[in-house]
Amino acid sequence: MRAWQWHKSESMRLVDLPKPKVKSHEALVRIEAVGVCGSDIHYYREGRIGENVITEPLVLGHEYAGIVEEVGGDADGTLLGKRVAVEPGIPCFACEWCRTGHYNVCSNLFFPGGPGHDGALCDYMTVDARLCFPVPGSMTAGCAAMVEPVAVAVHTVELAALRPGDTVAVFGLGVIGLLVARLAAACGAVRVLGADVLDYRVAAAAQQGLSAGFTAKPGGLQGDGAAAIAWIMEQTGGRGVDVAMDCTNSSDGLSLACAAARPAGRCVLTGISGKEHDSLPVSIARRHELTLRWCRRFLHNYPAALALLDSGVLDASALITHVFPFEEAPEAFALTSACADGVLKASIEW
Ligand SMILES: [Zn+2]
Ligand SMILES: [Zn+2]
């Protein structure tokens, strides 16, 4: 089968790899779509996310969907022939964290497209059949691959413990931030304020159906973010927001979220700065007795993500700004890495 292997910073080559063989509990998925994620871009550019270092050659890609072509003897036979969204991380289902309901922090997690494990930028993947979620008949492969970031947004909002009438700030209006903003509004937030360093994302947010109660900071975040915080304070009468979400790929997100939250407010930190250490504004976090929660991907949120997409509460197709054929996968990475041409989600489709 064909596969795109990363071998050095900003460089991938097309190679031939053996087609994987399905084990008894697995499904063989013929890949139809892979979305390019911010975390992929860290690996693509820097070869690492903090202490997670990849070594070449490695196939990237973890947001994927495809058709189940084969199932093992112990796997769910009804998956055969279906288009599925695949939860990429494969937990062991046996360690203490798995057994206490936190499989997203499994000690033995196998994560494709991360250190030591090839990802989905190839023709076929085998995966534990329990992690395959059939999608509604009308859902395109590109949207099915978007179930992964949608599940991250669902988990983010879940961690925020939103209450009706809450005010929310979202820092970073990429795909995750836009989904989080819309979902927060759907969950009863009366005002959702958004900010991003890129003007095109601020403009996109205004056009993405984020109208009701959603306001994006004109001119983005700028510099140290002081202007964005001043704007949030002005918008909330100096109070701050009930919940601040960091959906940036920057070290500033944590400080911004802490500065925007009201006293006794909550911060959910979903962005990946890519650094091993970021500084924490301990003074304000302590004085305001903030609750900080970090989001690690998702925790059985695919069913909710699929239901939100199917019902139209969330619209993934509006976020897919660019589609590339498999043969042009490196272009999708280069475009996303450069934040060029108004890119939100670049989808690689077979
Ligand atoms: Zn992702
Ligand atoms: Zn485990």
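Just above, that's the structure.
What this report covers is the structure whose coordinates are included nearby.

How each quantity is defined
- Residues numbered from 1 in each chain as written.
- Chains lettered and ligands numbered in written order.
- Predicted model: local features only at pLDDT ≥ 70, side-chain atom pairs only at ≥ 80, totals over all residues.
- Heavy atoms only, no water.
- Core = buried A, V, L, I, M, F, W, Y, C linked by side-chain atoms within 4.5 Å.
- Buried < 20%, exposed > 50% of the residue type's maximum accessible area, 1.4 Å probe, protein only.
- Helix = DSSP H or I, 4+ residues; strand = E, 2+ residues; numbered from the N terminus.
- Domains from an automatic or database assignment.
- Contact = heavy atoms within 4.5 Å.
- Polar contact = N/O pair within 3.5 Å; in protein donor to acceptor, adjacent residues only side chain to side chain.
- Pairing = 2+ DSSP bridges.
- Axes fitted to C-alpha atoms, helices over the stretch in contact; angles between N-to-C directions.
- Parallel < 35°, antiparallel > 145°, perpendicular 65-115°, else oblique.

When a protein is soluble and globular, its nonpolar side chains tend to lie buried together. Core analysis: the biggest nonpolar cluster contains 54 residues, and M139, V147, V168, V170, L173, V192 and M245 have the highest contact counts within it. At nine residues, the largest contribution of residues to this core is made by helix α4 (residues 147-160). When residues of this core are assigned to domains, at least three fall in each of domain 1 (2-146 + 316-349) and domain 2 (150-294). Residues in contact with V147, not counting those within four places in the same chain, are A85, M139, Y302, A305, L306 and L309. Formed by 44 residues, the second largest nonpolar core is a distinct cluster that contains V29, V59, M125 and A329.

Further remarks concern the side chain of R262. Along the chain, R262 turns up in strand β15 (residues 261-269). Within polar-contact distance, the side chain of R262 engages the side chain of D242 at 2.5 Å. In this structure, R262 is in contact with R163, R239, G240, V241, D242 and L290, ignoring residues within four places of it in sequence.

Across the sheet, which stays open at both edges, the three strands sit in the order β2-β1-β6 with antiparallel pairing between neighbours. Two strands close off the open sheet at either side, each with one partner strand: β2 (11-16) and β6 (58-59). With two bridges connecting them, strand β1 (residues 2-8) and β6 associate as antiparallel partners. The residue of β6 that forms the bridge with W6 is L58.

Orientation of helix α1 (residues 38-46) relative to helix α11 (residues 329-338), taken along the N-to-C sense of each, is 100 degrees, at an axis distance of 10 Å. Accordingly, the angle class assigned to the pair α1 and α11 is roughly perpendicular. Contact residues: α1 offers D40, I41, Y44 and R45, while α11 offers P330, F333, A334, T336 and S337.

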